[in-house]
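Single-letter residue listing:
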Amino acid sequence: MRKLALLIALLLPVSAAAETVRLGDRFYEIALPANPKGAPLIVALHGGGGDPDQFARSSGLAVAATRAGFAVAFPAGSGRGRDKLLTWNGGYCCGYAARKNVDDIGFLKQVIRDAAARFGTNGTGIYITGMSNGSILAETFAAQNPGLVRAVAGISGTMDTGHIRVRGKVPALIIHGTADENVPYDGGPGENSHTRTDFASVASVVQDFLAPWGSVRESAQMIDRKDDGTSVIVTDYQKGGRVVLRLMTVEGGAHYWPGGRKARMGEGKTQEIDANTELLRFFKANP
């Protein structure tokens, strides 16, 4: 049975078929469900130095999301050379996009409008997620556009809470490892970071996204099912019985997308949770 399961896993596609759309000198890739008309749209942002195809494949999000009825747009950041070493302008990070003050907020809005017009996806209320530098922009976009974002999921990246404030109520899922040496859980410069950014702490991001909700009820539980050197503390913040923010602290977790192709084995690579499963569950709970 194990051999059969492994064979099936190897035969499954690592990413759903995607179409590339050029918008001037920028582009995005989009993976569509069987019925794209009116489908909820997830905007998924790659990490610094990545690209849409790399992120779709390494995360596995395209396959998981389209099977669940979501459309997924994978926009491309910008860099010195076309389509190379792409980054996002998240304010205090990162790379070319931040140095040139690229209007990535405006670009993402253009992607959302184009996907709705071209493919019929729902453009009035979207979901947004990202990894690392992509998480920084995803959280920033959600903070500044609460009327457009139904929910945000930030993985291993913290927005600039020193300069950004959340303008309205946005349900948020935050997944971050305590052993992250790129974007430290408690904030500050990362030992393995390619930038000199003084990153905000996870706690400050949680505080900012909770602020518009007022008083909330907090509860926590631990997940520790695998012998992989990690565990996950799940802290839920509820308002009126609804989870408005879920913090998943990966104790011993490093700078990875849990469950992704690069996070299947090795130190700091948790097997306790799968980011795609968690974010899709959270998004479905916030229609």
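Residues numbered from 1 in each chain as written. Predicted model: local features only at pLDDT ≥ 70, side-chain atom pairs only at ≥ 80, totals over all residues. Heavy atoms only, no water.

### A short note on the state of the cysteines
This is how it is decided: Disulfides are defined as cysteine sulfur pairs within 2.5 Å. Each residue's exposure class comes from its accessible area (1.4 Å probe, protein chains only) as a fraction of the maximum for that residue type: buried when under 20%, exposed when over 50%, partly exposed otherwise.
In total, this model carries one disulfide according to the counting rule given. The disulfide bridge from C93 ends at C94, spanning 1.5 Å between sulfur atoms. In this structure the cystine formed by C93 and C94 twists about its S-S bond by roughly 85°; its chirality is therefore right-handed. The burial state of C93 is the same as that of C94; both residues are buried.

### Description of the packing of aromatic side chains
Definition in use: Any pair of Phe, Tyr and Trp rings, taking the six-membered ring for Trp, is counted once the centres come within 6.5 Å. Such a pair is stacked with planes under 30 degrees apart, edge-to-face with planes over 60 apart, and tilted for the rest. Working definition: helices are DSSP H or I runs of at least four residues, strands are E runs of at least two. Numbering for both runs from the N terminus. Either the NZ atom of lysine or the CZ atom of arginine qualifies as a charge over a ring when it sits within 6 Å of the ring centre and within 35 degrees of the ring normal.
In total, this model carries five aromatic pairs according to the counting rule given. Measuring from centroid to centroid gives 5.8 Å for F70 and Y127, while their planes differ by 80°, and the two rings are edge-to-face. Residue F70 is located in the loop between α3 (61-67) and β4 (71-75), and its partner Y127 is located in strand β5 (residues 126-131); the two are separated by 57 residues in the primary sequence. This pair shows no difference in class: F70 is buried, exactly as Y127 is. An angle of 85° between the planes, with centres 5.8 Å apart, marks the rings of Y92 and F199 as edge-to-face. Placement of Y92 in the loop between β4 and α4 (95-99) and of F199 in the loop between β7 (172-177) and α7 (202-210) is noted, with a sequence separation of 107 residues between them. We classify F199 as buried; its relative accessible area is 6%. Sitting above the plane of the F107 ring, R26 keeps its charged end 3.9 Å from the centroid.

### Regarding the nonpolar core
As a reminder, the rule being used: In this text, buried Ala, Val, Leu, Ile, Met, Phe, Trp, Tyr and Cys residues form a nonpolar core when linked through side-chain atoms within 4.5 Å. Contacts are assigned to residue pairs that have any heavy atoms within 4.5 Å of one another.
Core analysis: the largest hydrophobic core is formed by 45 residues, its most contacted members being I128 and F209. The element that contributes the greatest number of residues to this core is helix α5 (residues 104-119), accounting for seven residues. What I128 contacts, discounting residues up to four positions off in sequence, is V43, L45, L108, A138, F141, A142, V149, A151, V152, A153 and F283.

### A look at the confidence of the model for the chain
To be explicit about the condition: Values of pLDDT, which run from 0 to 100, indicate the predictor's confidence residue by residue.
Residues of the chain with pLDDT of at least 70 account for 92%, and the chain-wide mean is 92. When the criterion is pLDDT under 50, residues 1-15 qualifies, and its contacts beyond four places in sequence or with other chains add up to ten contacts.

### Digging into the environment of M131
Within the secondary structure layout, M131 lies in strand β5. Relative accessible area serves as the criterion here: at 12%, M131 is assigned to the buried category. Spatially, the C-alpha atom of M131 lies 14 Å from that of R261, the residues being 130 residues apart in sequence. Setting aside residues up to four positions removed in sequence, M131 forms contacts with L45, H46, G47, F55, I155, S156, H255, Y256 and W257.

### Considerations on the sheet that holds strand β3 (residues 41-45)
Quick reminder of the rule: Between any two strands, pairing holds if DSSP finds at least two bridges. Helix axes use the C-alpha atoms of the stretch in contact, all axes being lines fitted to C-alpha atoms, and the angles between their N-to-C directions lie in the range 0 to 180 degrees.
Spatially, ten strands are ordered β1-β2-β4-β3-β5-β6-β7-β10-β9-β8 in an open sheet, and the strand pairing comes out mixed. Where the open sheet ends on each side, the last strands, each with one partner, are β1 (18-23) and β8 (217-223). Across the sheet, the axes of successive neighbouring strands diverge by a mean angle of 15°, strand direction being ignored.

### With respect to the pairing of β1
One ladder, built from six bridges, connects β1 with strand β2 (residues 26-31); its direction is antiparallel. In the strand pairing of β2, A18 is matched with A31. Following β1, the chain reverses through two residues before pairing antiparallel with β2; G24 in that reversal takes a positive phi of roughly 65°.

### As for α5
Here is the rule: Expected span of a helix, by definition, is 1.5 Å for each gap between consecutive residues, and there is one gap fewer than residues.
When the terminal C-alpha atoms of α5 are compared, their 22 Å separation across 16 residues agrees well with the 22 Å that a helix rising 1.5 Å per residue should span. Positive backbone phi, approximately 85°, marks G120, located one or two places after α5.

### Observations concerning the side chain of T129
Quick reminder of the rule: Under this definition, polar contacts are N or O atom pairs within 3.5 Å; protein pairs additionally need one hydrogen-donor-capable and one acceptor-capable atom, and for neighbouring residues in sequence, both atoms have to be side-chain atoms.
Its place among the elements puts T129 in strand β5. Given the relative accessible area of 0%, T129 is considered buried. Within the structure, T129 has its side chain in polar contact with the backbone oxygen of A153 (distance 2.7 Å). In this structure, T129 is in contact with I42, V43, A44, L45, L61, A138, A153, I155, W257, L279 and F283, ignoring residues within four places of it in sequence.

### Comments concerning the environment of A116
Mapped onto the elements of the fold, A116 is located in helix α5. Between the C-alpha atoms of A116 and P36, which are 80 residues apart in sequence, the distance is 9.6 Å. Setting aside anything within four residues of it in sequence, one finds A116 in contact with T121 and G123.

### A short note on the pairing of strand β9 (residues 231-239)
With seven of nine residues buried, β9 lies mostly within the body of the structure. Pairing geometry for β8 and β9, over seven bridges, is antiparallel. Bridge assignment links R217 to a residue of β9, and that residue is Q238. Summarising the sheet, β9 and strand β10 (residues 242-251) pair through nine bridges and their orientation is antiparallel. Within β10, the position partnered with I233 by the bridge is T249.

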